[in-house]
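# Structure assessment
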Amino acid sequence: MPDVSPTKWHLAHTTWFFETFILKKFVPGYRAEVPQYAYLFNSYYNAAGDMHRRDLRGLVSRPTVREAQRYRASIDSHIDSLLSDAGEKLLNEIESILVLGIHHEQQHQELLITDIKHVFAQNPLYPVFRELKIDIALPKTAPIQFLDFEEANVEIGHDGRGFAYDNEGPRHRALVSAFSLASPASISRSSKTTVMRVRNSGYRSGG
Ligand SMILES: [Fe+2]
């Protein structure tokens, strides 16, 4: 996959988010230590300017890992100062962007693991990210059973509570056709309940 990103790129990119959308916007006279990072670590935020090609990220030998970590430490310290000195009004303005940046970072934590595992999988030595002892005495497999669900009119999309990305709304109704779901007999009753809950109320109940 040529689109895989190096680990340090994820760190620098999530840092770039806080620098671009908070520091550059809310710190008067803010000057980036390395202005070229704006190009190097942008990704798909067209409104924030041009960006480096995603399929060339693997060739980004500079900044080094240490420099990317230094970049993060510097931005963290600027954010700390900004928040410590900000009044109530400014904090209210910053809050939603800060929360978005934290969720963006969480998303990249998942991408980061995916990319590391992908890179390891390309290596004929098959390095292991984290050794785990697993119990190989698997329980007996139950026969597959199909659970039937009737057609339903359901509500989908973010309901306004808690954080959501803008593509998770607006909330609207949708017609879900009748469907069947294969399930091992041993979990049929509980899984049907879980599917019904998810279909009726999103992921809130969690089963
Ligand atoms: Fe991103």
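Preceding block: the structure.
Here's what I pulled together on the structure shown here. (Residues numbered from 1 in each chain as written. Predicted model: local features only at pLDDT ≥ 70, side-chain atom pairs only at ≥ 80, totals over all residues.)

### Concerning the overall build of the chain
Across its full length, the chain carries five helices and four strands. Reading the chain from its N end, one meets helices and strands in the order α-α-α-α-β-β-β-β-α. A sequence separation of at least 24 residues applies to 67% of the contacts in the chain between residues at least 6 apart. (Helix = DSSP H or I, 4+ residues; strand = E, 2+ residues; numbered from the N terminus. Contact = placed C-beta atoms within 7 Å.)

### Regarding helix H4 (residues 88-121)
Between its first and last C-alpha atoms H4 spans 49 Å; for 34 residues at 1.5 Å apiece the expected length is 50 Å, and the two agree. The largest bend in H4 is about 35°, located at Ile-94. (Expected span 1.5 Å × (residues − 1). Bend = angle between axes of the 7 residues up to and from the residue.)

### Regarding the nonpolar core
In this structure, Trp-9, Ala-12, Trp-16, Phe-17, Phe-18, Ile-22, Tyr-37, Phe-41, Ala-68, Tyr-71, Ile-75 and Ile-79 together form the largest nonpolar core, which totals 12 residues. Among the elements of the structure, helix H1 (7-26) and helix H3 (65-85) are those that each provide at least two residues to this core. Ranked by the residues each element gives to this core, the list is headed by H1, at six residues. (Core = buried A, V, L, I, M, F, W, Y, C linked by C-beta atoms within 7 Å. Buried ≥ 20, exposed ≤ 12 C-beta atoms within 10 Å, placed from the backbone.)

### A word on the environment of Arg-171
In this fold, Arg-171 is placed in the loop between strand S2 (152-156) and strand S3 (172-176). In this structure the C-alpha to C-alpha distance between Arg-171 and His-158, which are 13 residues apart in sequence, comes to 5.5 Å. Dropping the residues within four chain positions of it, Arg-171 is found in contact with Glu-155, Gly-157, His-158 and Asp-159.

### Structural notes on the packing of H1 against H4
Packing of H1 against H4 leaves a shortest axis separation of 9 Å and a crossing angle of 170°. By the angle class used here, H1 and H4 are roughly antiparallel. Along its contact with H1, which presents Thr-7, His-10, His-13, Thr-14, Phe-17, Phe-18, Phe-21, Ile-22 and Phe-26, the element H4 presents Leu-90, Ile-94, Ile-97, Leu-98, Gly-101, His-104, Glu-105, His-108, Leu-111, Leu-112 and Ile-116. Broken down by class, the residue content of the contact of H1 with H4 amounts to 12 nonpolar, seven polar and one charged. (Axes fitted to C-alpha atoms, helices over the stretch in contact; angles between N-to-C directions. Parallel < 35°, antiparallel > 145°, perpendicular 65-115°, else oblique. Nonpolar A, V, L, I, M, F, W, Y, C, P; charged D, E, K, R; others polar.)

### Re unusual backbone geometry
With omega at 5°, the peptide bond leading from Arg-62 into Pro-63 counts as cis. Its location among the elements puts Pro-63 in the loop between helix H2 (37-40) and H3. At the junction of Gly-169 and Pro-170, the peptide bond is cis and its omega measures out at -5° in the coordinates. Position of Pro-170 among the secondary structure elements: in the loop between S2 and S3. Phi angles above zero are rare outside glycine, and Tyr-44 is one such case at about 65°. Locating Tyr-44 in the fold gives a position in the loop between H2 and H3. The exposure class of Tyr-44 is exposed, given the 7 C-beta atoms found within 10 Å.

### Points about H1
Taking 1.5 Å per residue, 20 residues should reach 28 Å; H1 reaches 28 Å between its end C-alpha atoms and fits that length. At Glu-19, H1 is deflected by roughly 30°, the largest bend along its length. If you check which residues of H1 are buried, you get Trp-9, His-10, Ala-12, His-13, Thr-14, Thr-15, Trp-16, Phe-17, Phe-18, Glu-19, Thr-20 and Ile-22.

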